[in-house]
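So you can see what is in the structure, the chains are spelled out below.
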Amino acid sequence: MGCGHHQPEHVLLRVPGKYRHNGAGAIVLRIMALAMVLLSESISAQPTADPFRWLETDNGQSRAWRQAQQARTVEMLSRLPSREQWQRLMAQSWDYARIQAVAVAGQRYFYYFNPGMQDHYELYWSELPAPGDASRNSFDVAAAGQTLPPVAGVTSDSWRSVSVNANGSAVLLQLADAWHVGFVDSGDSLALSANGQNPVLAAWAGSQDGVWSSDAQSLYYHQLRSTPSESANSATVYQPEEGWVIEALLPVPQSERVIVAESHQGRHRLTLLDDRSGTQLARWITGMPVRSDGFWQGDDVGLWFAGAIGDEFIFYRREGRRPAGDPVIYAASLADTALRPLSLDAPLENAQLSSVQVVGDVFLVEYLRHGQSLLYQQRLDGVIVGQVALPEPVRLDRMRAIEPQQLLLAYSGLTVPPQATLLDLSTGNTKLLSQDMPPAADLDVRLELSSMGHSAGENGTVPYFVVSPEKETDADSQIPDINNHVLVETYGGFGAPIELGFSIARYVWLLAGGHYVVVGPAGDLPQAVDEFVHVASALQTQGNKVSAMGRSHGALLVTMAMLKAPDVFSSVVADSGLHDLPSFLRLGGSPSWVAEYGDPGVEQSREWQLANSSYHQALTGESSPTSLPPVLTVARPGDDIVAPAHSYKLIAALQRRHGDKAAVWLYAAEGEGHSPAGAVNALILEYADRWSFLAWSPDVRQ
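Reading the values: the criteria
Residues numbered from 1 in each chain as written. Predicted model: local features only at pLDDT ≥ 70, side-chain atom pairs only at ≥ 80, totals over all residues. Heavy atoms only, no water. Helix = DSSP H or I, 4+ residues; strand = E, 2+ residues; numbered from the N terminus. Buried < 20%, exposed > 50% of the residue type's maximum accessible area, 1.4 Å probe, protein only. Polar contact = N/O pair within 3.5 Å; in protein donor to acceptor, adjacent residues only side chain to side chain. Contact = heavy atoms within 4.5 Å. Phe/Tyr/Trp six-rings, centres within 6.5 Å; stacked < 30°, edge-to-face > 60°. Core = buried A, V, L, I, M, F, W, Y, C linked by side-chain atoms within 4.5 Å. Pairing = 2+ DSSP bridges. Axes fitted to C-alpha atoms, helices over the stretch in contact; angles between N-to-C directions. pLDDT = per-residue confidence, 0-100. 1 Å grid on protein atoms, 1.4 Å probe; cavity = no way out; pocket = protein on both sides within 12 Å on 5 of 7 lines; lining within 4 Å. Points joined across faces, edges and corners; volume = space filled by probe spheres on them. Nonpolar A, V, L, I, M, F, W, Y, C, P; charged D, E, K, R; others polar. Right-handed = clockwise from strand over helix to strand, strands pointing away.

Here glutamate 366 is to be found in strand S21 (residues 362-369). Given a relative accessible area of 4%, glutamate 366 falls into the buried group. Here the side chain of glutamate 366 touches serine 355 through a polar contact of 2.5 Å, side chain to side chain. Within the local environment of glutamate 366, its side chain forms a polar contact with the side chain of serine 373, the two groups lying 2.6 Å apart. In this view, glutamate 366 contacts Gln352, Leu353, Ser354, Ser355, Ser373, Leu374, Leu375, Arg395, Leu396 and Met399; residues no more than four positions away in its chain are not counted.

Counted according to the given criterion, the structure contains 18 aromatic pairs. Ring centres 5.1 Å apart and planes at 45 degrees place the aromatic pair phenylalanine 305 and phenylalanine 315 in the tilted group. Here phenylalanine 305, found in strand S16 (residues 303-309), pairs with phenylalanine 315, found in strand S17 (residues 312-316); they are 10 residues apart in sequence, far enough to count as distant. Each member of the pair, phenylalanine 305 as well as phenylalanine 315, is classed as buried. Seen in terms of ring centroids, tryptophan 665 and tryptophan 696 are 6.0 Å apart; in terms of plane orientation they differ by 65 degrees. Their pairing is edge-to-face. Within this pair, whereas tryptophan 665 is found in strand S35 (residues 664-668), its partner tryptophan 696 is found in helix H10 (residues 680-696), the two being separated by 31 residues in sequence. For the pair tryptophan 665 and tryptophan 696, one class covers both residues: buried. Put simply, the rings of Trp86, Trp509, Tyr687 and Trp691 pair up and form one aromatic cluster.

What follows is about the nonpolar core. One finds Trp65, Val488, Val517, Val519, Phe532 and Phe569 to be the most contacted residues of the largest nonpolar core, which totals 56 residues. For this core, the leading source of residues is helix H4 (residues 525-541), giving eight residues. Core analysis: the second largest hydrophobic core is formed by 46 residues, Leu77, Phe502, Ile504 and Ala505 among them.

Our next topic: the side chain of threonine 421. With respect to the helices and strands, threonine 421 occurs in strand S26 (residues 419-424). Given the relative accessible area of 9%, threonine 421 is considered buried. Residues in contact with threonine 421, not counting those within four places in the same chain, are Leu407, Leu408, Leu409, Tyr411, Lys431, Leu432 and Leu433.

This next bit is on the sheet that holds strand S23 (residues 384-388). An order of S20-S21-S22-S23 is seen for the four strands of this open sheet, with the pairing classed as antiparallel. Edge positions in the open sheet fall to strand S20 (352-359) and S23, since each of these has one partner strand only. If you compare each strand with its neighbour and ignore which way they point, the axes differ by 30 degrees on average.

Now for the confidence of the model for the protein. Mean pLDDT over the protein works out to 78, with 75% of the residues at or above the 70 mark. In the predicted structure, residues 194-210 sits below a pLDDT of 50 and forms 65 contacts with residues beyond four places in sequence or in another chain. Here residues 224-235 is a poorly scored stretch, pLDDT under 50, and it has 24 contacts once near neighbours within four places are set aside; other chains count.

Further remarks concern empty space enclosed by the protein. A volume near 60 Å³ is recorded for the largest cavity. Lining the largest cavity we find Leu414, Val467, Gly501, Phe502, Ser503, Arg506, Tyr507, Leu510 and Tyr516. Residue contributions to the lining of the largest cavity peak at three residues, all from helix H3 (residues 504-511). Per-class residue counts for the lining of the largest cavity are six nonpolar, two polar and one charged.

Most of strand S31 (residues 515-519) sits out of view: five of its five residues are buried. The two faces of S31 match: His515, Val517 and Val519 on one face and Tyr516 and Val518 on the other face are all buried. Relative to S31, strand S29 (residues 461-469) runs antiparallel, the two sharing four bridges. Within the sheet, the bridge partner assigned to valine 466 lies in S31 and is valine 517. Where strand S30 (residues 485-490) meets S31, five bridges bridge the pair, whose relative direction is parallel. Across the sheet, residue valine 486 finds its bridge partner in S31, namely histidine 515. Crossover handedness for the path S30 to H3 to S31: right-handed.

Following this line, the structure appears as structure tokens:
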């Protein structure tokens, strides 16, 4: 990793106290008896059968069903021939140092660090190499040997926000519902409070660079209470007008100004303040909400702040599912009262704008094409003046301006482990700050375009990436019977059709000798299903054994593909899927999903949902097959995004329709949220179980 003789110093940023974390054998194919409760909903006098609604309720009957299903799954997994081998390979491969870039400030680099097998990350900082110091091209944090003191209840998820001031001397931390300022040099910390009570900040207040003053000595924040309270930590008070609510605070880099985003009865505006005096400098009407974070649902109608070029303030929209032809970048000036759209040169056809960062007097505009990041320099007039070279294929995880000509870039890809670099735009020089180093593998990754005449994709094609070992794997790591086994994964929804992030679990599949394909269907759900089946069928005809995997919307897509073309797939993993579309709102789904799935209260939408709901197709679909490939349905009891009842109901429907020919299992995964998370040992076991299940893939169909 690192080179040279100078080892960096690593200092753990400590915070006091304890904090609470809310995280939101022989293969037996016996099917247990299923209780039936006939329920229905009606819309326009059209009843919809829902016989397994009782599985939505946590009562004695549903708990007994889940326990029996889980016991059946445990029995099946315990007898898989390669399970122990997968567990051993997964544990060996997982144990390497991981780094997540946070910020560069002053002459310091801030990052989360995990030595490998620790259940959580800790926040560290290191001094940057001196300019021109060729002996320090990389921070070898794994070799630093610093012991990480435990902080009770604190995990990487507990740090919901980390904001570093301009010179790197202080950090604003959000731990659960408490906010603290950590002072880097002294190791002291200050709990922010109003009248001695926490919390005093809204959850998004420091989610970009924080709202530090330009001299790094004072902090701009707002209270959750509607009436300002006296506080020793606050020198300036900005009081919104009657009825207006502060939604976000946006720092203006390299200036003494801050932008307050406010809303009132569906109206939105931006107020530019002097961050010392609180004097109002300008106010703009946006028509759209302005967000400072990347986790807000409905980002197709929101604006993000990119920075300022002189007195021009730049905002942008992520394209996603926005209407074609809508403007995506806007500017505002001190003389205007409304945002005005800017015209940009499009670098490539079908490239979607993802993010914008102002650096000096240019935009750095990130476009996505086939899921990979393309980074261009564009002037205020929209003309492209250069391109920043990135490895292919990768997706940017973080892009942040440091100084007028410096940029922090963090990225990862299918075969590119996470790394962070410091780019000087004036010289084009880059310096490697950190790089994860998992076990080495000789891998070949290539983009292919599969022709499909009715596809909405580029020129009637479906893009997919193929990752294969370039040579035979070592005998110690090779798993029998997967050298011609292709794991095909997809997402295909919400304007993000293809995902290219690095995953050590998928990397292990490749280390063992398997092949991995990620498909990027571009159409709506029925078309995406056709496109996914099209690519999987082409891979199968090449003599490969094909397994499918998807999570969330991707799980819905792969189960619909399995029902449509069961003979294509050797096995399927459906992780935390949204399977009962007519009930997605009632089961706790976000109203923003209506744009993707339609409104269950509208008859036309309801008909579409029934035709594209894997639960209802398993119950009544005319095209539902008489036999199925083995299906492992992953559900997370603590899932706060997609209710696990979606998965329970799909399993029950498949078992009801196919009886003892339905090789369908429930895998109750650990973790508190929607994504795989939790203790490292639990993650290793979960993915070893998945891979051993996929590698097994017997032909149980008659």
